[in-house]
There are 2 protein chains.
Amino acid sequence: MKKPFILVTNDDGINAPGILYLSKIAKKYGDVAVIAPDKPQSGSGHAITIHTTLRILPSYVHHTDIEYAINGTPVDCVKLSVNKILPKKPDLILSGINHGSNSSINVIYSGTMSAAIEGYLEGIPSAGFSLCNYSIEADFSNSEKYICQIIEWLLTKNKNELICLNVNIPDLPSEEIRGIKICRQAKGNWVEDFEERLDPYNKPYYWMTGKFTNFEPQAQDTDEWALNNGYVSVVPIQTDLTCYQSLDKMKKDFLE
Amino acid sequence: MKKPFILVTNDDGINAPGILYLSKIAKKYGDVAVIAPDKPQSGSGHAITIHTTLRILPSYVHHTDIEYAINGTPVDCVKLSVNKILPKKPDLILSGINHGSNSSINVIYSGTMSAAIEGYLEGIPSAGFSLCNYSIEADFSNSEKYICQIIEWLLTKNKNELICLNVNIPDLPSEEIRGIKICRQAKGNWVEDFEERLDPYNKPYYWMTGKFTNFEPQAQDTDEWALNNGYVSVVPIQTDLTCYQSLDKMKKDFLE
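Treat the numbers as computed from the prediction; the structure is a model and nothing was measured.

Procedures and definitions
Residues numbered from 1 in each chain as written. Chains lettered and ligands numbered in written order. Predicted model: local features only at pLDDT ≥ 70, side-chain atom pairs only at ≥ 80, totals over all residues. Pairing = 2+ DSSP bridges. Helix = DSSP H or I, 4+ residues; strand = E, 2+ residues; numbered from the N terminus. pLDDT = per-residue confidence, 0-100. Axes fitted to C-alpha atoms, helices over the stretch in contact; angles between N-to-C directions. Least-squares fit on C-alpha atoms with pLDDT ≥ 70 in both. Buried ≥ 20, exposed ≤ 12 C-beta atoms within 10 Å, placed from the backbone. Contact = placed C-beta atoms within 7 Å. Nonpolar A, V, L, I, M, F, W, Y, C, P; charged D, E, K, R; others polar. Core = buried A, V, L, I, M, F, W, Y, C linked by C-beta atoms within 7 Å.

K.L.:
Any details on the pairing of strand 9 (residues 188-198) of chain A? Residues and values, ideally.
P.N.:
Residue and element names in this part refer to chain A. Where strand 9 meets strand 10 (residues 204-214), 11 bridges bridge the pair, whose relative direction is antiparallel. Bridge pairing links Glu 196 to Tyr 206 in strand 10. Following strand 9, the chain reverses through five residues before pairing antiparallel with strand 10; Asn 202 in that reversal takes a positive phi of roughly 70°.

K.L.:
I'd like a rundown of the confidence of the model for chain A, residues and numbers included.
P.N.:
Counting all residues, the mean pLDDT for chain A is 95, and 99% of those residues have values of 70 or more. Listed scores for the predicted complex are pTM 0.95 and ipTM 0.94.

K.L.:
How would you summarise the sheet that holds strand 11 (residues 232-236) of chain A if you had to cite specific residues and measurements?
P.N.:
Residue and element names in this part refer to chain A. Pairing is mixed in the open sheet, where nine strands are placed in the order 3-4-2-1-5-6-7-11-8. Looking at the sheet topology across the chains shown, the edges are occupied by strand 3 (56-58) and strand 8 (180-182). Averaged over all adjacent pairs, the angle separating strand axes in this sheet is 25°, with direction ignored. In terms of strand pairing, strand 5 (residues 92-99) meets strand 6 (residues 126-131) through five bridges, oriented parallel. Looking at strand 6, one finds that Asn 98 is bridged to Ser 130.

K.L.:
An account of the environment of Ile163(A) is requested, with residue identities and associated values reported.
P.N.:
Tracing the backbone through its elements, the reader meets Ile163(A) in the loop between helix 5 (144-155) and strand 7 (164-169). With 46 residues separating them in the primary sequence, Ile163(A) and Ile117(A) have C-alpha atoms 9.3 Å apart.

K.L.:
So what's going on with the relation of the copies chain A and chain B? Which residues, and what values?
P.N.:
Note on the copies: chain A fits chain B at an RMSD of 0.0 Å, the axial shift is 0.0 Å, and the rotation between them is 180°. Such a combination of rotation and displacement between the chain copies is what one expects of a two-fold axis.

K.L.:
Can you tell me about unusual backbone geometry, naming the residues and giving the values?
P.N.:
For the bond running from Gly96(A) to Ile97(A), omega is -10°, close enough to zero to count as cis. Within the fold, Ile97(A) resides in strand 5. With a phi close to 55°, His63(A) is a non-glycine residue in the positive phi region. Overall, the presence of 11 C-beta atoms within 10 Å leaves His63(A) in the exposed class. Notably, Ser104(B) is not glycine yet its phi reads approximately 50°, a positive angle. Note on placement: Ser104(B) falls in the loop between strand 5 (92-99) and helix 3 (106-109).

K.L.:
Please provide a residue-by-residue account of the interface of chain A and chain B, values included.
P.N.:
Counting residues at the interface gives 59 residues for chain A, matched by 59 residues for chain B. Secondary-structure elements contributing two or more residues to the side of chain A that touches chain B are helix 2 (74-85), helix 3 (106-109), helix 4 (111-121), strand 8, strand 9, strand 10, strand 11 and helix 7 (244-253) of chain A. When grouped by side-chain class, the residues that make up the side of chain A that touches chain B number 29 nonpolar, 17 polar and 13 charged.

K.L.:
How would you explain the environment of Asn133(B) if you had to name every residue and give the values?
P.N.:
Residues and elements named next belong to chain B. Its location among the elements puts Asn 133 in the loop between strand 6 (126-131) and helix 5 (144-155). Looking at Asn 133, the number of C-beta atoms within 10 Å reads 21, which means it is buried. Residues Asn 133 and Ser 110 lie 23 residues apart in sequence; the distance between their C-alpha atoms is 15 Å.

K.L.:
Pulling in residues and values, what's your account of the nonpolar core?
P.N.:
Membership of the largest hydrophobic core comes to 142 residues, with the highest contact counts inside it found for Val8(A), Leu22(A), Leu94(A), Val8(B), Leu22(B) and Leu94(B). Sequence-distant contacts of Leu22(B), defined by excluding residues within four places in its chain, comprise Val8(B), Leu94(B), Gly96(B), Ile97(B) and Phe129(B).

K.L.:
Tell me about helix 1 (residues 17-26) of chain A, and name the residues and values.
P.N.:
All names here are of chain A. Burial of helix 1 is extensive: seven of the 10 residues sit out of reach of the surface. Those residues of helix 1 lying buried are Gly 18, Ile 19, Tyr 21, Leu 22, Ser 23, Ile 25 and Ala 26. Looking at the packing, one finds that the buried side of helix 1 touches strand 1 (5-9), strand 2 (31-37), strand 5, strand 6 and helix 5.

As structure tokens, this is what we get:
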């Protein structure tokens, strides 16, 4: 079997512990290129850089043949990788391991998941991995078993299918993780608070903070439920935002 | 009837011709607040600002009671507006008019649409408007009739329903616009090219450019088809990215 060619990226920056861990896992499965943002890009969503220029800078922390830091967003990294840097199309894109959850509505704010989604849009099977622990010192070792299981599924059983996965791993000791659960995105949102401070010139500035609400805590088929009950949540992702339910209703109001 | 309270925002920046046009239209329907980025934020997707701070700066170009420029993304603007600045929850959020199309997969890269989607996530009916003309000198006058029709529908027939609309307007003389068509998001993607240049120190840098491909040009129920055939396209938007088709298949492979 041809060795798979795997692109590893993230949104916390190329030197983050999460991506160092993920590139190490990826090397067990194929030839690995690491191309990721040169600095943290959490919350970058599906942003791309069009008003300014991009640089491709060599990096030496992952010990792979192809390793670059990009002064842009996670989506920029995937676009540059696939369309400019890499000698061939990757067989798989892995994004993460993110420091913090990307379950529920977080998926649309997440740079980690946007990189995976961009890979999917370019026709490459992709997965984003997140550990539910925001600390820079988070322990990723309990994630490894499940990340391997997902990668193996992507490279064997799902070999010829285009898919994008949002994988979240609870921050639990390994004996408390109950396995993988395939689920849907929970309905929820963030309600923001803005902490006001005064600068040395007495002018106000604001830090965004917020609180997530799960709108359906009882539903047992969601990623939120899975994570809160000790499972690794896996949500397959698609990119059609059409609300078909409203579409049918609207057609009646706007008779064409 | 209580006068509606309308928030107007965009991604091209608070001084762009498109938002000046939109705030003028909005004033016909209610009390208007304009809170928008202080500079162009095209392609900002659903990005939020969490690694740096936000400023709320007074602005005086829209002649409304509430008018601020924010040094952040369109989503930041909506979050700050709803959770910090505005005295009450808006009845409606209007985003745009964007200079350039946001049909098909553009919706996920679009700052204009991300502002509308953020409004929807906060429980506020929202619409993003885009004119298929990237020029700063684009003529928005042919859009007005259709924007009014959409706003009137949102404020009357759809008054109590939470909805988010992606409205794209073809760049045609008014007599050639065939009306409004309710449609679904066309499947498509961008294939990027990166133009390489050398800086004065002989180091390379890159500009992102790209070409959009509609994967289903024959399908007549898509926004792309509508725009290419002289219609104003209206796609109702939802935010559940779960791929239910893959979910059922995956459940069999990952027996829980």
